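Chains, contacts and geometry: an overview
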Amino acid sequence: MQFRFLPNPEHPLVCLRPLRAADIEPWSRYLNLPEVYEHTSWDHPTPDDLASYLNNELSGEPSSRLRLAIAQREGDEIVGTIGLHTVSAPNRSAELAYDLHPNMWGHGVATAMVGAVVEWAHAHAALIRVQATVLESNNRSVRVLQRSHFLQEGLLRSYRLVRGLPGNFYMYAHVGLGPVPQGENSVLEGPLSGSSSR
């Protein structure tokens, strides 16, 4: 994905930054907490599974993913991630994915990060459509998407295997209605990027 700067959300507790090697172990630990993975399609990821997300913000491949760390402003510890995957440059679309440590739930972090990334995607990454799929039991994530002005488009039955069992996922989308950026700030002058759905 080509861009001149990363999203810069305003939140008193956290910021966004590229993932670092030191983030992978703690990211894996919290993704394996039952309260985190039970309503997602993560399948007990190991540090080795997650290491491929490092440096993806530097890729020049048209369909490469973008995954960023949500880090505490005090201490810089990773407490979540957010990013885009399944990017289609011809269609100017991508899918949003995010996760958050339970210690940060209830502080408006997910809503702030989603809002910032979606606004950035429309304004600076030339994306018209940002979609998100969410397991039908994931009420917390549904509320985040609704607060972020995503619209539900339907229920995808048996859309993705969830630890070996078919899961139903809601499809949500946020469509930018303004003009698509052109010129030097448009990512579509060159390669785009994205990340795997969780």
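Just so it is clear, the structure is predicted and the values come from calculations on it, not from any experiment. (Residues numbered from 1 in each chain as written. Predicted model: local features only at pLDDT ≥ 70, side-chain atom pairs only at ≥ 80, totals over all residues. Heavy atoms only, no water.)

A rise of 1.5 Å per residue sets the reference length of helix H4 (residues 109–124), with its 16 residues, at 22 Å; its end C-alpha atoms lie 22 Å apart and thus fit the reference within 8%. Taken together, the buried positions of H4 are Val109, Ala110, Met113, Val114, Ala116, Val117, Val118, Trp120, Ala121 and His122. Positive backbone phi, approximately 60°, marks Ala126, located one or two places after H4. (Helix = DSSP H or I, 4+ residues; strand = E, 2+ residues; numbered from the N terminus. Expected span 1.5 Å × (residues − 1). Buried < 20%, exposed > 50% of the residue type's maximum accessible area, 1.4 Å probe, protein only.)

Quick look at the packing of aromatic side chains now. Evaluation of the coordinates by the stated rule reveals four aromatic pairs. An angle of 70° between the planes, with centres 5.3 Å apart, marks the rings of Trp27 and Tyr53 as edge-to-face. Here Trp27 is found in helix H1 (residues 24–31), whereas its partner Tyr53 is found in the loop between helix H3 (47–50) and strand E2 (66–72), with 26 residues between them in sequence. Summarising the aromatic geometry, the rings of Tyr170 and Tyr172 are spaced 6.5 Å apart at their centres and angled 75° between planes, so their arrangement reads as edge-to-face. Looking at Tyr172, the relative accessible area reads 1%, which means it is buried. Connected via pairs of aromatic rings, a cluster forms that spans Trp27, Trp42 and Tyr53. Here the guanidinium or amino end of Arg65 rests over the ring plane of Tyr53, the centre of that ring lying 3.9 Å away. Across the ring face of Phe169, the terminal group of Arg160 is positioned such that the distance to the ring centre comes to 4.9 Å. (Phe/Tyr/Trp six-rings, centres within 6.5 Å; stacked < 30°, edge-to-face > 60°. Lys NZ or Arg CZ within 6 Å of the ring centre and 35° of its normal.)

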